[in-house]
Amino acid sequence: MPNGIFFNVNGRDIHEENVDPELTLAYYLRNKGKLLPPFLKLLIFLSIPVGLRGTKLGCEEGVCGSCTVVLGTWDDGENKAVYRAVNACLVPLFHVHRTFVITVEGVGSREKIHPIQDRMARGHALQCGFCSPGFVMSAYALLRNHPDPSIEQINAAIRANLCRCTGYRPILEALYSFSPESGGCCGGNKNGGGCCKDQKSSDDDEGYDDKLLSFNDFPKYDSTQEIIFPPSLRSFQTYVDSGDLVTLKGDRVELAIPKTLEQFKSARADRNVISSGLITRFVTSRNPAGFSQKWITTRYVKEFNEIKMSQDHIEIGAAVSIQTLADTLSANLSDSIAPEVTAFIQKFSSPQIANFATWSGAIVSASKSSISVSDVLLLLNVLNASLVVLSSDGDLERVSLDTFVLNKLYETGTIVSSQFLRKDTRRLFCLKLGETSEEDSTNFNFAALIGNKKQETRIFVGLGGQPKKLKELEKYVDCGDSYELEEMYKVSGLERNNNSAIALTRLMSFLKDGRKVEAKENVNYLQYFKPTTNDCVGRPIANYFNERAITGEAVYVNDIQTYNAVHLGFVLSTVPHAEIVHVDFTEALKLEGVIGYFGASDIPGSNIPGLQKSNIMFPDDTPIFADKKVESVGQVIGVIAANDVVLARRAAKLVKIKFNLLKPLTDFKEARETGSLHGRVQHYGKEEKELVESFGKAQKVLEGEVSMGGQEHYYLETQSSLVVPGEGDELVVHCSTQGTSFTQLMVAEVLKVPAHKVIVKTKRLGGAFGGKISNPAWIACMCAVVARKLNRPTYGFLSRADDLAITGKRHGVYAKYKVGIDSNGKVQGIHYQAWLNGGWSKDHTEPITMIMGTLVDDAYYMGAVRFDGYPVKTNSNSNTAFRGYGNPQAKMINEGVMRRIAREVNKDVEDIKKLNFAREGETRYLGDRILNDALLECWEYCTKWSDFEKRKREIHQFNRTSPMVKRGIAMSCVRHGLPLPGHQGHGIASLLINLDGSVQLSIGGTEMGQGLNQKMMQVCSQALNRPIETITIVDTSTDKITNAPETGGSHNSDTNGLAVLACCEKIMSKFKPILDKNEGDWEKSVREAYGAFVPLQCTEYGYVDRKKFGFGDFEPPYNTTGACAVEVEIDTLTGYNKVLRVDIVMDVGESLNPAIDIGQIEGAFMQGYGWVTCEKITFNHTTGFLDQNSAGKYKIPKASDVPKDFRIKLLGINKANGAQVYSSKGIGEPPLMMSCGAVHSAIMYCVDDWRKENGIEEFVDMISPLSAEKIQQLCSK
Ligand SMILES: Cc1cc2nc3c(=O)[nH]c(=O)nc-3n(C[C@H](O)[C@H](O)[C@H](O)COP(=O)(O)OP(=O)(O)OC[C@H]3O[C@@H](n4cnc5c(N)ncnc54)[C@H](O)[C@@H]3O)c2cc1C
Ligand code: FES
Ligand code: FES
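This structure is a prediction, so every number in the text was calculated from the model and none was measured.

Enquirer: What exactly am I supposed to notice about the packing of helix α38 (residues 1154–1172) against helix α39 (residues 1230–1253) here?
Expert: Angle between the axes and distance between the axes are the two parameters that describe a pair of packed helices. One way to put it is that α38 packs onto α39 with a least axis distance of 7 Å and a crossing angle of 45 degrees. In terms of axis orientation, α38 runs oblique to α39. Judged by the sense of rotation from one axis to the other, the crossing of α38 with α39 is right-handed. Between α38, through Q1160, I1161, A1164, F1165, Q1167, G1168, Y1169, W1171 and V1172, and α39, the contact on the second element is made entirely by P1231, L1232, S1235, C1236, V1239 and H1240. Looking at the contact of α38 with α39 residue by residue, the class counts come to ten nonpolar, five polar and no charged.

Enquirer: It is not clear to me how the sheet that holds strand β38 (residues 1031–1033) should be interpreted in this structure. Could you clarify?
Expert: Sheet strands pair by backbone hydrogen bonding; their relative direction is either parallel or antiparallel. An order of β38-β37-β36-β40 is seen for the four strands of this open sheet, with the pairing classed as mixed. Two strands close off the open sheet at either side, each with one partner strand: β38 and β40 (1097–1102). Strand-to-strand twist in this sheet, taken as the mean axis angle between neighbours without regard to direction, amounts to 20 degrees. Bridge analysis of strand β36 (residues 987–993) against β40 gives six bridges, and the strand direction is antiparallel. Considered in β40, the bridge of A989 is made with E1100. Sitting on the sheet, helix α34 (residues 1012–1024) touches β36, β37 (999–1003) and β38, and the angle it makes with β37 is about 130 degrees.

Enquirer: Looking at this model, I keep getting lost on the packing of aromatic side chains. Mind explaining?
Expert: Given two aromatic rings, their pairing is described by the distance between the two centres and the angle made by the two planes. If you walk through the whole model with that rule in mind, you get 27 aromatic pairs. Arranged with centres 5.6 Å apart and planes meeting at 75 degrees, the rings of Y528 and W945 form a pair that is edge-to-face. Here Y528 is found in strand β19 (residues 524–528), whereas its partner W945 is found in helix α32 (residues 935–945), with 417 residues between them in sequence. Ring geometry for Y814 and W835: centres 5.8 Å apart, planes at 40 degrees, overall tilted.

Enquirer: What am I meant to see in the nonpolar core here?
Expert: Here is a general trend for soluble globular proteins: nonpolar side chains tend to be buried in one another's company. Of all hydrophobic cores here, the largest spans 167 residues; its most connected members are M120, V1126 and I1144. Apart from residues lying up to four places away in sequence, M120 is in contact with A125, L126, F135, V136, I171, A174, L175 and I550. Judged by nonpolar contacts, the second largest core, of 95 residues, contains Y28, A267, L383 and L428.

Enquirer: Any chance you could explain the UniProt feature "domain: FAD-binding PCMH-type" (unreviewed entry) in the protein chain here in plain terms?
Expert: The feature "domain: FAD-binding PCMH-type" (unreviewed entry), as annotated in UniProt, sits at residues 248–426 in this numbering. With 39% helix and 23% strand, residues 248–426 has its two end C-alpha atoms placed 47 Å apart.

Enquirer: Can you walk me through the UniProt feature "binding site: [2Fe-2S] cluster 1" (unreviewed entry) in the protein chain in this structure?
Expert: In this numbering, the UniProt entry assigns the feature "binding site: [2Fe-2S] cluster 1" (unreviewed entry) to C59, C64, C67 and C89. Spanning 31 residues, the named residues nonetheless gather at one spot, since no C-alpha pair among them exceeds 10.3 Å. Along the chain, C64 turns up in the loop between α2 (38–41) and β3 (68–75). Under the relative-accessibility criterion, C64 is labelled buried at 2%. Residues contacting C64, with those up to four places away along its chain left out, are G58, C59, A160, N161, L162 and L716. Along the chain, the position of C89 falls in the loop between β4 (80–87) and β5 (100–102). Exposure remark for C89: the relative accessible area of 6% places this residue in the buried category. The contact partners of C89, leaving out residues within four places of it in the chain, are T24, A26, L57, E60, E61, G62, C67 and R281.

Enquirer: Can you help me understand the domain arrangement of the protein chain in this one?
Expert: Interface size is commonly expressed as the accessible surface area that is lost when the partners come together. As assigned here, the protein chain comprises domain 1 (5–183 + 215–232), domain 2 (244–297), domain 3 (302–513), domain 4 (562–665 + 712–747 + 759–802), domain 5 (931–978 + 1117–1276) and domain 6 (986–1103). Each of domain 2 and domain 5 was reduced to a C-alpha centroid, and the two centroids are 50 Å apart.

Enquirer: Would you mind going over the site of ligand 1 with me for this structure?
Expert: The environment of ligand 1 is formed by 30 residues, the closest being V273, S275, S276, T280 and D375. Between ligand 1 and V273 there is a distance of 2.6 Å, counted from an oxygen atom to a backbone nitrogen or oxygen. Between L278 and ligand 1, the recorded distance is 3.4 Å, taken from a backbone N or O atom to an oxygen atom. The fraction of the free accessible surface of ligand 1 (980 Å²) that becomes covered by protein chains is 89%. Counting only elements with at least two residues in the shell around ligand 1, the list comes to β8 (272–274), α10 (278–285), α15 (359–368) and β14 (414–421). Counting residues per element, the shell around ligand 1 draws most heavily on α15, which supplies six residues. Residue classes in the shell around ligand 1 are distributed as twelve nonpolar, 14 polar and four charged. Looking at which domains feed residues into the shell around ligand 1, each of domain 2 (244–297) and domain 3 (302–513) gives three or more.

About the thresholds
- Residues numbered from 1 in each chain as written.
- Chains lettered and ligands numbered in written order.
- Predicted model: local features only at pLDDT ≥ 70, side-chain atom pairs only at ≥ 80, totals over all residues.
- Heavy atoms only, no water.
- Axes fitted to C-alpha atoms, helices over the stretch in contact; angles between N-to-C directions.
- Helix = DSSP H or I, 4+ residues; strand = E, 2+ residues; numbered from the N terminus.
- Parallel < 35°, antiparallel > 145°, perpendicular 65-115°, else oblique.
- Left-handed = near helix turned anticlockwise from the far one by under 90°.
- Contact = heavy atoms within 4.5 Å.
- Nonpolar A, V, L, I, M, F, W, Y, C, P; charged D, E, K, R; others polar.
- Pairing = 2+ DSSP bridges.
- Phe/Tyr/Trp six-rings, centres within 6.5 Å; stacked < 30°, edge-to-face > 60°.
- Core = buried A, V, L, I, M, F, W, Y, C linked by side-chain atoms within 4.5 Å.
- Buried < 20%, exposed > 50% of the residue type's maximum accessible area, 1.4 Å probe, protein only.
- UniProt positions renumbered as here; feature names shortened; annotations may be inferred.
- Domains from an automatic or database assignment.
- Near = heavy atom within 4 Å.
- Polar contact = N/O pair within 3.5 Å; in protein donor to acceptor, adjacent residues only side chain to side chain.
- Areas by Shrake-Rupley, 256 points an atom, 1.4 Å probe, with all protein chains shown as cover.

Below you can see the structure in the form of structure tokens.
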């Protein structure tokens, strides 16, 4: 019998002998794999799973879901396979023995695509594609168990999968199409009947298509076609299946695998018990020190896995997963308890975790901690479960949960099982609260089992560690069914705060009326666009790349496989400001496989390449490695190179740095007050004297302030580079960057080689949002230094925690304004002062201050305008570019100004906004004319289309009858001038026609999910009149396109598109006559052109010749414009918000691809929504550490946050002036600017309404984000 474990991946049997207990399934699938020993080759089909890289690593913490795979196990009792989605980044490999592992590659391929993949790919449900395999796998697990899922089941299955690009709507729509409840459409039918198909088109919608696609025509899902459970898993055995005690030995951990309770008892002694081992492995792997630990698993011992049912009791083994425990209880407890258990565990923050982690692990981890709040521990407490515990003496005893926790029996005892009373008819009430929603990781929980007079009531509250029993309250609520909150508070002894108020209020309502069944929510997803008669441009064609990403075939930098590579671990500063006295890396170098430490002294060229002449952008003083001093926690001091990424990260943590601490400035307020700046204060607009004059003429002068937080990009693919050294000084840099040329120049400066030695290649990025302009270059430089020194390929792949610590974010801003108005609220003059938190180095802070300042007038004409911008230096993350580049911050300030004016003159904010709009033909405050603009048309259209005024009246009525839950509605708009002026405003393309007639395109812009490549192929196809299938677009690479500006600023389809058009025109100028002569025979003409020396390749520039069109140098040739109406609801008690309906009207001219543009709008909407609600950036002012230093602590919007009614219309007004590519306009950033404004204003509508109703007159200045906590604060007396 062979040693080791046996499992099957995607139908291929695998045998692994030496399994390190610290190894995760994801790591194994992506990097490892072994041949079976030759004698076994005869027995089973052999293959090597090396390089299954469809399993993506977005966080490695169990939070993002991008590593989701499916595990199938055989249920002997039911005689069938059971499938569950799990996070491969956390699942220990040793626990997949006899398991069927299905990865995205096993679900389908481009040749044989699975219906989930097909519907997502063609349904535009992905952009960068990095998250997509994870969504496929979560949905796949669901379909394998429930081929006809309900909408609710679909929502539950993907609730722990994050996507930062799409805004989730198309993902939901594609997956809802599998539900019989949806009728193949949006899923609205069952959810209240309001299906998009039932929408009556109004006159306004005449001439528009109203859906990007319908799923009715897609091949039906046939569950019988699924890959079967491999029979080998039921027959083949290894030594692990023998009756013997087996051990697996890793570098630091040894795992004992007993098969009987007796073996367990004899081997237990000094070993840590693990059940699933998921959290134990995770915690252990974070410990960098060399140590030796011994574990023992309960997984293969019958007693720990049994579920026994008697008439009165259910006994559930300790190695059973949380989900199975919940399912068992739900199926077997009384009707007064079971549904609540189901609902409660459905709020567990991650189904992938609940599917694998065990209830026993959950209760022991929680009991050991004084801060973690466990839902499982609470549930077991309230249900009065008893435990069977194996004592250190080997005795089995039944104890109560209280006894187990209070006597700390977990220190010596092992839980074998728990027992529940079956026929309990008491009524169960459970509550869970997270930071952003009830499905978020738990901050507080509360549960009550309500008895009648003869029975006992049990009430527990979870505040951390063992839940607290509320004995007095238990007696009190036994007495009747009508209660007073005050009395409940008094009796319970609970501290008065929002959480306890929510718990007691909901309990009172439960006691009175029972659990209210939540109304099904109406789903209404509509996308209107004007159909085109073009063959290619203007059609909502699915991105050619979608199928590659959805099948796991798409290659991101960290997926590239090389030979003999090293991996970097990053040594980070742990203090905010200090001199570096000494770096001691001896401990790190002792680890086998660690190659070396590299820092500033290893750089042959410049350590601050951003200050060298080749950086023509703007000077940036960021050093690659901290040299002599550090200015922020998270600043990179050096790197460790090792043969393996896990080892490199671990070794980096062993590097000891001696610091001489200096006074830090981590507090933004303090930094502002001390005048700590990057460069000079930036002034734009009028002199102060003129402002004073305008204020003198104004009826009133108002003052206010605005405070908004930063935002983490949270691209799903973290920063990654791979540098492959070549001959001489040559290097190829594969980099997830928005700026290939910038990265090339920076690497060349650092290595002190000419730029022509460095080729930077970018195939695609897994999201960027501005965060991959400067930071990727620095990571690439670090890799290049090591690659050059070691002459080995070098990977730099940041863990999520390192990415959060090292990289910059959106600038948080504090601003003051002074505005003069007339009696109607028309602005006469305004003085803005804005302080941007730049962090420790310049990065993009100065140009962002400049953009914010020069465009601060936003959509308005405001008379005399002055802006003073302060780029503040603090000892925290160095903030950088982020979608909108200073514009969203300007928008938010003006939202605050308009709300303030509206309050002053007692008018609606929307009226004040409209009154102050700058119109087409007028000039912006710095003199640029407003040209080719449809702002007013969008605004008027949106007002009417969304039925804004009527709904506002209805909301007013609703709020009068709803004291706790308030609704609000608001409109916002955007005007964004494009393309950018200066050298940023040009695109470059290269076109090659091969002798077989195929066309190869490359451009200077990078593909990061925004659909640039697809649009360029459509432009090329249209211009050459060739089928799109005959065209390909290759990596952005500096050896094809040099000096390309960084991709960003929403205009890349315009600038690159103009370049592609120029290429096509140039080629066709000589090729067309040959083609005409050959009556359109393309291939023949290509061969003929070749023979006649007619060029079949060219490189061209694309830019708008402003002079030709009569524009000034900085005048935008056109504006992308839009308006949106957003309706929200807030629960003033929990502070949770819900977006009820969104209507967005945008003019993007004649869209190059409506599906891509609508995707950009939806994604931007959700990102803007996140910025002003759940996304927080805060620092510990003592230590300088970012508070949100892990994936789980930074909250981005989830699929459950998508508005249930989401309507978008591309107006297609297109006031063309000939400067556009096929009359299209840029998108990307603009929708974010209006979503953040509208969402914020709509929430403030609710807050203001509540405050007014409660007699609070004080005006609330603009503050963002409006987190649940903030809303609670604002809505309390
Ligand atoms: C991303 C994520 C989201 C989460 N969301 C939630 C949430 O929403 N709500 C919530 O309540 N929790 C949540 N958790 C916590 C989760 O429930 C626990 O981490 C998990 O259940 C631990 O179980 P395990 O099987 O991994 O434990 P293991 O790693 O096997 O063990 C954990 C601890 O328990 C001990 N132990 C294990 N088995 C036994 C036994 N039989 N007898 C005695 N001691 C034993 C081990 O020695 C160890 O100390 C979340 C965790 C993660 C990672
Ligand atoms: S959940 Fe595994 S990588 Fe994010
Ligand atoms: S498509 Fe989901 S993260 Fe990019």
